[in-house]
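# Understanding the architecture of this molecule
Spelled out, the chains give:
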Number of protein chains: 2
Amino acid sequence: MNETELIHQIIADLGEQTQGETVMVGPGDDAAVVQWNTTDNIVVTTDTFVVDRHFSEDTPGDLVGYRCIAATLSDVVAMSARPCYVTVALTVETNSQDWVFEFVKGVRTCCAETNTRIIGGNMACGNKSATVSAIGLVPDSTYVRRDTVCNGDDIWLTGTLGATKLAISANVDWQPKPLEELLQKRDNCFMAAYFLPRVRIEFVEKIRSYVTAMTDISDGLQTELEHMIRSSNLGARIDVEQVNMWDRRHKAHTLGCDDSYELLFTLPKAKRTKLEQNASETNTECRCIGEITSTRGVKFFDNGQEIFPVSGYSHF
Amino acid sequence: MNETELIHQIIADLGEQTQGETVMVGPGDDAAVVQWNTTDNIVVTTDTFVVDRHFSEDTPGDLVGYRCIAATLSDVVAMSARPCYVTVALTVETNSQDWVFEFVKGVRTCCAETNTRIIGGNMACGNKSATVSAIGLVPDSTYVRRDTVCNGDDIWLTGTLGATKLAISANVDWQPKPLEELLQKRDNCFMAAYFLPRVRIEFVEKIRSYVTAMTDISDGLQTELEHMIRSSNLGARIDVEQVNMWDRRHKAHTLGCDDSYELLFTLPKAKRTKLEQNASETNTECRCIGEITSTRGVKFFDNGQEIFPVSGYSHF
């Protein structure tokens with residue numbers, strides 16, 4: 001079983017324990033949504049980051065801390081909610097206290113930037129790993145699922161893809177910079193873009209009333225598009241020239257394996273002007289990269305020629 | 001720095017990011033409490049369980065799954081809240097799929113017993129470890145902190161301590177029994193009691209209006225009592241004869257190192273009859289084991305003789 005099949009089987013095994021009157025969206029989307037009162041829904045997600053899998057042993061703690069928080073909040077934002085609270089469960093070897101305090105600094109910095117509170121945590125001894133859980137709020141029934149695309153919708157993407165491959169290759173002999181310095185360079189340095197993903201809270205609050213489906217890019221553009229169309233009979237056609245990339249020499253890898261935590265979303269063509277206005281108001285770089293089609297499957301075209309991404313990153 | 005000092009320093013470093021108008025109880029108690037609406041507070045906690053630290057490699061997945069959920073819900077219940085939702089982040093080696101499905105069965109069983117929904121999760125590859133986050137509900141301002149003891153309060157404890165040491169020693173050559181069979185034996189088998197802690201939801205809902213402070217036993221009775229009195233000028237005096245134990249030959253260890261997830265709480269002497277009535281109504285075994293005193297420190301007396309616990313288990 002691959003990762004997707006395993007997760008589907010687990011959700012099937014959990015059966016009715018994943019369902020309930022108050023559970024609007026259970027396991028399987030970017031985050032869960034529960035009905036709490038008549039005004040708001042609560043959005044909940046959890047994400048784990050493991051050494052040698054999601055970051056290297058020598059990555060400075062502040063960069064790991066920032067990225068773990070931003071990546072987890074990204075799942076809340078991808079449901080169009082505003083993140084409010086996080087808990088952080090950290091596992092480290094007992095001789096890593098300096099690294100722990102650096103990690104805490106990264107967590108604090110990302111939470112301060114996003115106006116999110118750290119309300120709990122856990123420390124355990126073992127291989128370096130962090131699990132962040134996040135809770136957000138969205139006005140009742142205004143959350144956006146990822147599997148509700150409509151035929152003919154435009155497909156949009158924020159930011160620039162491809163920092164993952166460049167950052168992982170460069171990390172070997174990279175001389176880490178202070179977090180404060182990297183925060184200023186997210187638009188023009190792929191290392192900064194990789195470690196410090198943007199959490200686009202104001203943007204999603206503006207667009208949530210008219211986007212039809214949304215997700216974040218944590219497993220590669222191709223895999224995320226497949227998740228978006230899976231429960232429909234629809235497909236997606238992507239114009240690769242429209243996808244912003246850090247380095248166009250790695251197109252196939254960038255389309256398949258990126259985890260930049262950028263937002264991927266769909267909307268009716270009639271909303272294009274509104275979207276461009278909201279993107280401009282919030283200084284959000286975003287591009288229309290393709291269209292939802294009635295032909296099943298996800299297809300990538302580069303100057304009219306079909307190209308095939310390197311298969312997506314598996315976290316498991 | 002030991003575990004407690006490290007956690008205090010981390011909370012200090014996080015500074016105002018742990019605080020906010022809606023944060024009633026931040027990091028440092030069993031669980032956090034946030035104000036959500038005028039009717040309810042939300043209680044949130046997270047807990048990590050690591051192979052070779054919290055369970056052995058050969059422990060059946062269903063027992064690990066059940067225990068992880070019960071132990072985490074115990075933190076929610078220790079604030080006197082009703083657990084509603086959990087997320088489960090599981091890290092395993094890719095060749096452990098059979099174990100994963102056993103683990104899922106244990107999770108499902110504990111959630112079904114406690115009427116808790118699994119709303120999200122994460123799978124990652126690495127050394128076996130699980131992080132469970134839980135969300136509960138408590139009527140506005142009726143949550144119970146652990147550091148609000150009063151001088152002269154009686155100290156009460158549910159259940160029986162000491163299964164930890166016995167279970168860990170016996171686990172080496174234990175022939176695991178099916179989960180269904182062990183669930184029937186929690187009152188008379190220490191292995192069942194260890195792996196399947198009780199989540200005392202109905203009991204805390206009855207007592208929360210009059211108990212003064214409450215916590216669960218996750219780091220040993222002595223350490224939990226120290227947490228309870230830390231922010232006061234008070235102390236605790238325990239009559240060891242009153243503490244129910246699986247095996248009284250291991251008194252010093254049982255008082256210091258147990259993680260049975262039993263509830264430890266205090267109440268005014270005038271509420272004793274009410275407590276006994278509520279315990280009886282919910283079939284909850286509990287005993288008065290001592291008293292909060294004006295003399296600082298935690299002291300244990302066994303038939304009038306002071307005894308000293310083996311120092312508490314450190315999870316870090």
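Let us look at the structure shown here. (Residues numbered from 1 in each chain as written. Chains lettered and ligands numbered in written order. Predicted model: local features only at pLDDT ≥ 70, side-chain atom pairs only at ≥ 80, totals over all residues. Heavy atoms only, no water.)

With that settled, consider the pattern of salt bridges. Within the structure shown, the criterion is met by 39 salt bridges over all chains. The partner of Arg198 of chain A in a salt bridge is Asp187 of chain A, with the nearest N and O atoms 3.0 Å apart. In this pair, Arg198 of chain A sits in the loop between helix H6 (190-195) and helix H7 (201-207) while Asp187 of chain A sits in the loop between helix H5 (179-183) and H6, placing the two residues 11 residues apart along the sequence. Judged by its relative accessible area of 31%, Arg198 of chain A is partly exposed. For Asp187 of chain A, a relative accessible area of 63% translates into the label exposed. Its salt-bridge partner being Asp259 of chain B, residue Arg67 of chain B comes within 2.9 Å of it at the nearest N-O pair. Here Arg67 of chain B, found in helix H2 (residues 61-78), pairs with Asp259 of chain B, found in the loop between helix H9 (251-257) and strand S10 (263-267); they are 192 residues apart in sequence, far enough to count as distant. The residues Arg67 of chain B and Asp259 of chain B share a single accessibility class, namely buried. (Salt bridge = Lys/Arg side-chain N within 4 Å of Asp/Glu carboxyl O. Helix = DSSP H or I, 4+ residues; strand = E, 2+ residues; numbered from the N terminus. Buried < 20%, exposed > 50% of the residue type's maximum accessible area, 1.4 Å probe, protein only.)

Moving on, we get to the nonpolar core. Counting 73 residues, the largest nonpolar core has Ile69, Val86, Phe103, Phe265 and Leu275 of chain A as the members making the most contacts within it. No other element matches helix H2 (residues 61-78) of chain A, which puts 11 residues into this core. With residues up to four places along the chain from it excluded, the contact list for Leu275 of chain A reads Trp156, Phe203, Ile207, Tyr210, Phe265, Leu267 and Cys286 of chain A. In this structure, Ile118, Val132, Tyr194 and Leu263 of chain B belong to the second largest nonpolar core, which totals 72 residues. (Core = buried A, V, L, I, M, F, W, Y, C linked by side-chain atoms within 4.5 Å. Contact = heavy atoms within 4.5 Å.)

We now examine the relation of the copies chain A and chain B. Superposition of chain A onto chain B requires a rotation of 180 degrees combined with a translation of 0.0 Å along the rotation axis, giving an RMSD of 0.0 Å. Interpreted geometrically, this transformation is the action of a two-fold axis. When the interface residues of chain A are mapped onto chain B, 100% of them again fall at the interface, so both copies present the same face. (Least-squares fit on C-alpha atoms with pLDDT ≥ 70 in both.)

Let us now look at unusual backbone geometry. The backbone of Asn115 of chain A shows a phi angle near 55 degrees, a positive value even though the residue is not glycine. Tracing the backbone shows Asn115 of chain A in the loop between helix H3 (97-114) and strand S5 (117-125). Phi at Asn283 of chain B takes a positive value of approximately 50 degrees, unusual for a residue other than glycine. With respect to the helices and strands, the residue Asn283 of chain B is situated in the loop between helix H10 (272-281) and strand S11 (286-293).

So, on to the sheet that holds strand S2 (residues 32-35) of chain A. Strand pairing in a sheet takes place through backbone hydrogen bonds and is either antiparallel or parallel in direction. Residue and element names in this part refer to chain A. Here we have 6 strands laid out as an open sheet, ordered S1-S2-S3-S6-S4-S5, and mixed in their pairing. In this open sheet, the two edge strands, each paired with only one partner strand, are strand S1 (23-25) and S5. Strand after strand, the sheet turns through a mean of 20 degrees between neighbouring axes, direction not considered. Bridge count between strand S4 (residues 82-92) and strand S6 (residues 129-139): 9 bridges; the pairing is antiparallel. (Pairing = 2+ DSSP bridges. Axes fitted to C-alpha atoms, helices over the stretch in contact; angles between N-to-C directions.)

Our focus in this paragraph is the interface of chain A and chain B. Between chain A and chain B, the contact holds 62 residues from the first and 63 residues from the second. Secondary-structure elements contributing two or more residues to the side of chain A that touches chain B are helix H1 (3-14), S2, strand S3 (40-50), S4, H3, S5 and S6 of chain A. Of the residues forming the side of chain A that touches chain B, the biggest block, 9 residues, is contributed by S5 of chain A. Tallied by class, the residues present in the side of chain A that touches chain B amount to 30 nonpolar, 24 polar and 8 charged. (Nonpolar A, V, L, I, M, F, W, Y, C, P; charged D, E, K, R; others polar.)

A few words on the packing of H1 of chain A against helix H3 (residues 97-114) of chain B. One can describe the packing of H1 of chain A onto H3 of chain B by two numbers: an axis separation of 9 Å at closest approach and a directional angle of 30 degrees. When the interaxial angle is binned, H1 of chain A and H3 of chain B end up roughly parallel. The way H1 of chain A lies across H3 of chain B gives a crossing that is right-handed. Contacts between H1 of chain A and H3 of chain B involve Leu6, Gln9, Ile10, Asp13 and Leu14 of chain A from the former and Gln97, Val100, Phe101, Val104, Val107 and Arg108 of chain B from the latter. In the contact of H1 of chain A with H3 of chain B, the residues fall into 7 nonpolar, 2 polar and 2 charged. (Parallel < 35°, antiparallel > 145°, perpendicular 65-115°, else oblique. Left-handed = near helix turned anticlockwise from the far one by under 90°.)

Turning next to H3 of chain A. Residues and elements named next belong to chain A. In this model, H3 (18 residues) spans 26 Å end to end at C-alpha, consistent with the 26 Å of a helix rising 1.5 Å per residue. The complete set of buried residues in H3 reads Gln97, Trp99, Val100, Phe101, Phe103, Val104, Gly106, Val107, Thr109, Cys110, Cys111 and Thr114. Just downstream of H3, Asn115 is the residue with a positive phi angle, here 55 degrees. (Expected span 1.5 Å × (residues − 1).)

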